[in-house]
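Listed below, chain by chain, are the residues.
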Amino acid sequence: MSEMPKAYEPQQFEDSIYARWEESGAFIPENLPDFATRKPYTIMLPPPNATGTLHVGHSTMLAVQDALIRFNRMNGKRALWLPGTDHAALATQNKVEKDLFKNEKITRHDLGREELLKRIDVFVEKNRDRMTFQMRKMGSSLDWSREAFTLDEPRSRAVRLVFKQMFDDKLIYRGNRVINWCSRCASTLSDDELGTKTRKAVLYSFKYAKDFPITIASTQPETKLGDTGVAVYPGDARYEALVGKTIDVDFGGQGGSKLKIQIIADHGVEKDFGTGALGVTPAHSMVDYALAMNHNLPLVQIIGEDGLMTAAAGSAYEGLTIAEAREKVVAWLRAENLIEKEEEIEQNVPICERCETEITPLPKLQWFVSVENKFAFRESTRAPVAGIAAGSQISLKDSMRHVVETKQIKIVPERFEKTYFHWINNLRDWCISRQLWYGHRIPVWYCAAPKTEKCAEAVCSIEDISVCQHCGGVAEQDPDVLDTWFSSGMWTFTTLGWPYTRVIFVRHGEAETNVGDFLNSDATKEYHLTETGRAQVVATAEKLKLQHVDAIFASPLLRTQETAKIISDALGLPVTTEECIREAGMGEFEGKLTAEFEAIMGDRGNPANWMHSSPGGAETFQAIRERTHGFLDELIKTHTGKTIVVVSHGDPIWAAASFGKSGVLWDSEYPQRGSFYVREFDTTGSQVGDLNTYHPTDVLETGYDIIFQWVARMILMSTYALGEVPFKNVYLHGMVRDEQGRKMSKSLGNVLDPLDVIPKYGTDAVRLALLIGQTPGNDLKVSEEKIAGFRNFTNKLWNISRFILSQDAASHLVLRADIDDELLTTMDKWILSRLAGVTKTVTESLQTFAFSRAGEALRDFTWNELADWYLEGAKVEGEKAEILQYILQNLLKLWHPYMPFVTEAIWQSAYASGEKDFLMIAKWPDETSMPLYPEAEKDFAHVQNVIVAIRALRTEYKIDAKEIVPVTIITKYKSTLAQMQPVIERLARATLLFADAAPAGQLATVIEEGTITIPKPEAANNSDERGALEAEKENVAQYIATLAAKLANEDFLARAPAAVVEKEQGKLREAREKLAAIEDRLGA
RNA sequence: GGGCAAUUAGCUCAGUUGGUUAGAGCGCUACAUUGACAUUGUAGAGGUCAGAAGUUCGAAUCUUCUAUUGCCCACCA
């Protein structure tokens, strides 16, 4: 053991410990001892926006996830925690544009697309470095080798692929829809990007024209220039006769609009609001748009993207701003005397969350993901969603609802499930295009100058397109980019090597060669499939229809060609003949019986028999491996993300399917004749099989504020693209607030920057402050004082360790088996039993996300039991080095997920056996191997009660702290207490005398354990004692009355469980004994 | 308007399926100082569990209502 300083100074340890962890490679799950046999445990770090620095909210997320990861790593899991960053298209571009304007007074249009993107990249790079620095500071045991970014190459490939699949599945469509338009940002905003503002407005009630039969109301009369209908409540007597009629009106005066107003009835209209009739402006209101769609009303756009009135508004209005147009319309209404009422009202209007400009709803061609259209559900070979059959027709809404309804995804706290369903049920199609430059550009091209009718079609493609395939003219890519959640929705699987190339190996059906059991590798010989064989393949082809096959390759032999032809016809795809997957070359054995061949070279079923040599010039297994692997290598490069059918023969399939599995020479299973199996190969090279190993992930941990924006979208993307849930559990933490419960914001100046407080109090203290006191889904108040409190605790643990380690010349690892039960004192058994108990509590709590409970239980044990009692007692009993070390070792492990640094620092100075021996990868204490001692726990509680009582007496009667008090005790626990006499005497600073009666003239206190007396100090008088005893007597008497009443109640005796009754009886007995002792004392 | 949550000691919060004389930390009061730790120890004060009604042998815990606070969703023409 090296010298430990008196106080723990985190700055001296944290950075170097983190660096050593990282260098050791233990953050990478494949480097963990016995990694291959460990069960995977995965958390994807919610990628923070590339825009800024991390705040305490991020620290909470890091602390929680790191605690989970460390706990599971120590529990023998193959723990992967994968970091990354989100490009956050809108937020990032906005930030850079703002800076640009502030510093250089230029806009993005001055720079141009290319240059702006370059600037953003620089900005993002800088921010990412800062963020990863902050994550390291928090002690996050992230696998940095797998770090990802939502806008990098692999993620872009995945985005295009999913877009294309959705496009082909008719889930992505382009539509003229009313969207939220911010005329300042010149961009569409999703509902999630809206804020609201309360403003005063005038609600005008008026008629379109004097002879118009219905009065309507509006705060924006200018939009009425685009009205095409009036909606009323069905059956409203006032208007019933008019429903279905179309009325022509001139609106807005000379140069205004000629409106064709159709009267419709709809349940969405509120009878009692305003006039009970609603002027419908389909182009500039979400609600009206929906109404118009239901009733087939036309749509007239009268406000342009620039926020000015269009020609459709009429020549008198074209070019005016909205405000000007409103003035003009109102003036006209006044002049025509059409206004019936004007009232000032308060209304909430949607605004752009970022620039606070009022939203102008307007129709625009946008890309949407339909949540209603059905698609054929994909099959997962890893972790298929239960309850949705592969290939079944289902909508995204259905799949999103299903996986949560069936608890395949559990949300903690559960109440958010309700919120989730409510949201799903009201979900509208997802507008995914954004009028931005930064982000994943929409992979759709249009002919720049359409010449033929076909040219007008939008073409979706994974590869870039430069030429229109119909007219040969220039093709232009859609200028818009995708909503950032489109790519972050795929975070759980694009980080694991997806898109995979799926290869479906189909073995040819039964052929004449099989029936005759002879060998054939000569493609010029014509051996057909048998009838049985054809039937086998037909059945297989049906199944392949569910697999979204993109291409078919086949060996040149006739039996494989025939097999491929059947599949080709079923799927409507051409067949490519591929030499590299032909049958094993048979050499001199061409046309001979298999038996003859095997008589010479042995069982072909064991590739070892013919791995490197084969008789008669026949091909070796190794040679087949090489050519098939070469083919697959090429295939996954040219067909990334595709599903490929490879029709081949037994041996080549056998040899081929070990491709990409390092160290595997052949696949242990392979398909029967005429059937198939699926193999998936990723593109990450060294991480082959990541998706298989780590997906679905175990926990998604994030704030409840992005449950819809992100959590729901990940569920959408994963169920769609993979047919899997993205995670099994969702843990939602609350928002971090300041000590007054306010949100942390820059303008309030109450932001707690983790980088400010970490140097002051240490990372461990910050983590404790964030983990203890948090309950799922509830907000957490943090203050510097709270962090300072936990800093004190880290120091306490440090000093506990210092004391324990000073007891032993050489620190060493102690197992429970090393401790001799025979030699244990009551106190030893008590603490060991408590350690076992707390180990159980902590383990169970961490398994159920009860972070606060685990932390509190551990803190109470560490401070109130171990430090305050056991260590003090150990100083008296002595000879406890072994047990102390054992307790410390387990304690450090239990604390490690919460306080990684101080625990590792202590471990390193005391127990590390070498450079790579870290507490971080030590084995979690096994509570099942730790015996409990319930009797010792009870006995020691008596000891504690007596000591506390004596101390209280001392304080009560102001006895000098240095003075040793001669105590007399009358008790039925004499043997227990006598056994612990030295400890009691030292901790209470007393000498103990057991007696049957209290000595005369002494002061006493009565507790459950008996009567304790001390000699009367000069200063005290009798009334003090009597007063206290009288009060206690009163107290106990009342308690007895309550208990007695309860036990006299026959209903209680009849209905309460026996154990409860027994417990109450025990209490009553003890209370009566105590009362007797008090009365005895008072009577004396 | 619809929904969700919270309300327990001066402050921040625990309190697991109803069974404790209702707990912790901070703060407060008094005492203690060379032996692991003053970033400490010891003892103590402090609560009608927001209010009302109900269910039950038994309610901080379950039900209903009320009040206050916070959040989410929808928004009105």
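Scroll up to find the structure this text is about.
Residues numbered from 1 in each chain as written. Chains lettered and ligands numbered in written order. Predicted model: local features only at pLDDT ≥ 70, side-chain atom pairs only at ≥ 80, totals over all residues. Heavy atoms only, no water.

Further remarks concern the overall build of chain A. Helix and strand content of chain A: 33 helices and 36 strands. In terms of its C-alpha atoms, chain A occupies a principal-axis envelope of roughly 115 × 110 × 70 Å. Nonlocal contacts in chain A, meaning residues at least 24 apart in sequence, comprise 76% of its contacts between residues at least 6 apart. Put simply, chain A shows about 46,400 Å² of open surface, and 50% of that area lies on carbon and sulfur atoms. For chain A, the distance from the average position of its 123 positive side-chain charges to the average position of its 152 negative side-chain charges is 2 Å. (Helix = DSSP H or I, 4+ residues; strand = E, 2+ residues; numbered from the N terminus. Contact = heavy atoms within 4.5 Å. Areas by Shrake-Rupley, 256 points an atom, 1.4 Å probe, with all protein chains shown as cover. Lys, Arg positive; Asp, Glu negative; His and termini not counted. Charge placed at Lys NZ, Arg CZ, Asp CG, Glu CD.)

The next subject is the protein's contact with RNA strand B. Around RNA strand B lies a shell of 49 residues, among which F273, Q347, W863, Y1039 and R1055 are the nearest. Considering the 4 Å shell around the protein, atoms of RNA strand B inside it are sugar or phosphate in 59% of instances. Within the side chain of T775, an N or O atom sits 2.7 Å from a phosphate oxygen of RNA strand B. The separation between a sugar or linking oxygen of RNA strand B and a polar side-chain atom of R802 is 2.7 Å. Looking at the surface near RNA strand B, its residues break down into 19 nonpolar, 12 polar and 18 charged. (Near = heavy atom within 4 Å. Polar contact = N/O pair within 3.5 Å; in protein donor to acceptor, adjacent residues only side chain to side chain. Nonpolar A, V, L, I, M, F, W, Y, C, P; charged D, E, K, R; others polar.)

What follows concerns the packing of helix α23 (residues 784-806) against helix α27 (residues 900-910). Running from amino to carboxyl end, α23 crosses α27 at an angle of 15 degrees, the nearest separation of the two axes being 10 Å. With respect to α27, the element α23 is oriented roughly parallel. Like other packed secondary-structure pairs, α23 and α27 cross with a definite hand, here right-handed. Between α23 and α27, the contacting residues are T794, L797, W798, S801 and L805 on the first element and V902, T903, A905, I906 and A910 on the second. (Axes fitted to C-alpha atoms, helices over the stretch in contact; angles between N-to-C directions. Parallel < 35°, antiparallel > 145°, perpendicular 65-115°, else oblique. Left-handed = near helix turned anticlockwise from the far one by under 90°.)

On to the sheet that holds strand β11 (residues 257-265). Either a parallel or an antiparallel arrangement is found when strands of a sheet pair, and the pairing is made through backbone hydrogen bonds. Taken together, 4 strands build an open sheet; the order of strands is β10-β11-β9-β12 and the sheet is mixed. The open sheet terminates on both sides in strands that have one partner only, identified here as β10 (246-251) and β12 (277-280). Shown here is a sheet whose adjacent strand axes are inclined to one another by a mean of 30 degrees, direction ignored. Note that strand β9 (residues 229-232) and β12 share 4 bridges and pair antiparallel. Across the sheet, G229 pairs through a bridge with V280, a residue of β12. (Pairing = 2+ DSSP bridges.)

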